[in-house]
Amino acid sequence: SMKKQFFLNLSLALLLCTGTTFAQRVDTVAVLSPSMHKTVKSVVVLPASYDQSPEKRYPVVYLLHGHGGNYAAYVNQTRPQLPQDASNMEFIAVCPDGGRDSWYWDSPKDPSSRFETFVARELIDYVDAHYPTRGDRSGRAITGLSMGGHGGLWLSFRHKDTFGAGGSTSGGVDIRPFPENWEMAKQLGEEATNRKTWDDHTVMTQLDSISNGDLALVIDCGYDDFFFDVNNKLHEALRERGIEHDYTVRPGVHNGPYWTNSIDYQWLFFKKFFDRSGR
């Protein structure tokens, strides 16, 4: 009867719902970094469909934490709903540990801090070997907040063969106005006596390495953020070079509520990039 059929459908729907939430998986992995001679932790968030479709290959978004954070910063603090995001958007999210203060450089001073090599090479190799990824730049995006926003652009600009899309939210996209801050001198040496090193390790000086169309770029910053000016200057420099990019300015400061909001827009941007490039 119709009534009986309705209940069957309902119970099936409920079964599917519980199955889906159950299947979201959050792995914490220790990844060997040959360049740093140690293992580095990362969180890998798998979408709900991961268990149900063994043939499916997923795009990956690499999410870089800010200064003082670690691999668990997104799932524990900035974006607890990350597993739901991964399921809704059908991508794998990877949150690497970038150390307290690496700025995602290979430090010219400290050989034990090689987070550019780790994220852009070693971690990618690990993720592609252990998970069903699309496995090329059309299925890879990298973004982050603050120090991680610098990282998202630093790594995508310098490894455009690896990443197809790069992003930054509230990013420290030019470090040079902040010589005393965030322990950057630990990685680069004091700014006054190492000016060339500082010049060479900021996103603003990496624009020669990309041309228009090389990367899908998404950049945003709150207009009361202390990084607002450097983001505006980056936007203008990209415009001068004719490098297309999404640039969003919205109310807000350098804090959790701003990032929780801004990430929704970046997800949509990356989803569109993945859908476009995956055909």
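Residues numbered from 1 in each chain as written. Predicted model: local features only at pLDDT ≥ 70, side-chain atom pairs only at ≥ 80, totals over all residues. Heavy atoms only, no water.

Undergrad: How would you sum up the layout of surface pockets? Please name residues and give values.
TA: Computed from the structure, the largest pocket encloses a volume of approximately 260 Å³. Along its surface, the largest pocket is lined by 18 residues, and Gly66, His67, Leu145, Ser146 and Trp259 are the ones closest to its centre. Here the element with the most residues in the lining of the largest pocket is helix H2 (residues 73-78); it accounts for four residues. The residue makeup of the lining of the largest pocket, split by class, is eight nonpolar, 10 polar and no charged. As a volume, the second largest pocket reaches approximately 190 Å³. Lining of the second largest pocket is provided by Asn212, Gly213, Leu215, Ala216, Leu217, Glu244, His245, Asp246, Phe269, Lys272 and Arg276. Counting residues per element, the lining of the second largest pocket draws most heavily on helix H9 (residues 256-277), which supplies three residues. Its residues assigned to classes, the lining of the second largest pocket shows four nonpolar, three polar and four charged. (1 Å grid on protein atoms, 1.4 Å probe; cavity = no way out; pocket = protein on both sides within 12 Å on 5 of 7 lines; lining within 4 Å. Points joined across faces, edges and corners; volume = space filled by probe spheres on them. Helix = DSSP H or I, 4+ residues; strand = E, 2+ residues; numbered from the N terminus. Nonpolar A, V, L, I, M, F, W, Y, C, P; charged D, E, K, R; others polar.)

Undergrad: Hey, could you go over the packing of aromatic side chains for me, with residue numbers and the actual values?
TA: To describe a pair of aromatic rings, one takes the distance between the centres and the angle between the planes. Using the criterion set out here, one finds 13 aromatic pairs in the structure. Ring centres 6.2 Å apart and planes at 80 degrees place the aromatic pair Tyr62 and Phe163 in the edge-to-face group. Of this pair, Tyr62 sits in strand S3 (residues 60-64) while Phe163 sits in the loop between helix H5 (147-158) and strand S6 (165-169), and the two are 101 residues apart along the sequence. Overall, the relative accessible area of 0% leaves Tyr62 in the buried class. Of the residues examined, Phe163 reaches a relative accessible area of 0% and is grouped as buried. Between Phe226 and Phe227 the ring centres are 4.9 Å apart and the planes differ by 65 degrees, which places this aromatic pair in the edge-to-face class. Accessibility expressed as a relative area gives 44% for Phe226, which makes it partly exposed. For Phe227, a relative accessible area of 1% corresponds to the buried category. Three or more aromatic residues joined by ring pairs make a cluster, and in this case those are Trp103, Trp105, Phe178, Trp182, Phe226 and Phe227. The residue whose ring lies beneath Arg250 is Tyr265, and the NZ or CZ to ring-centre distance is 4.3 Å. (Phe/Tyr/Trp six-rings, centres within 6.5 Å; stacked < 30°, edge-to-face > 60°. Buried < 20%, exposed > 50% of the residue type's maximum accessible area, 1.4 Å probe, protein only. Lys NZ or Arg CZ within 6 Å of the ring centre and 35° of its normal.)

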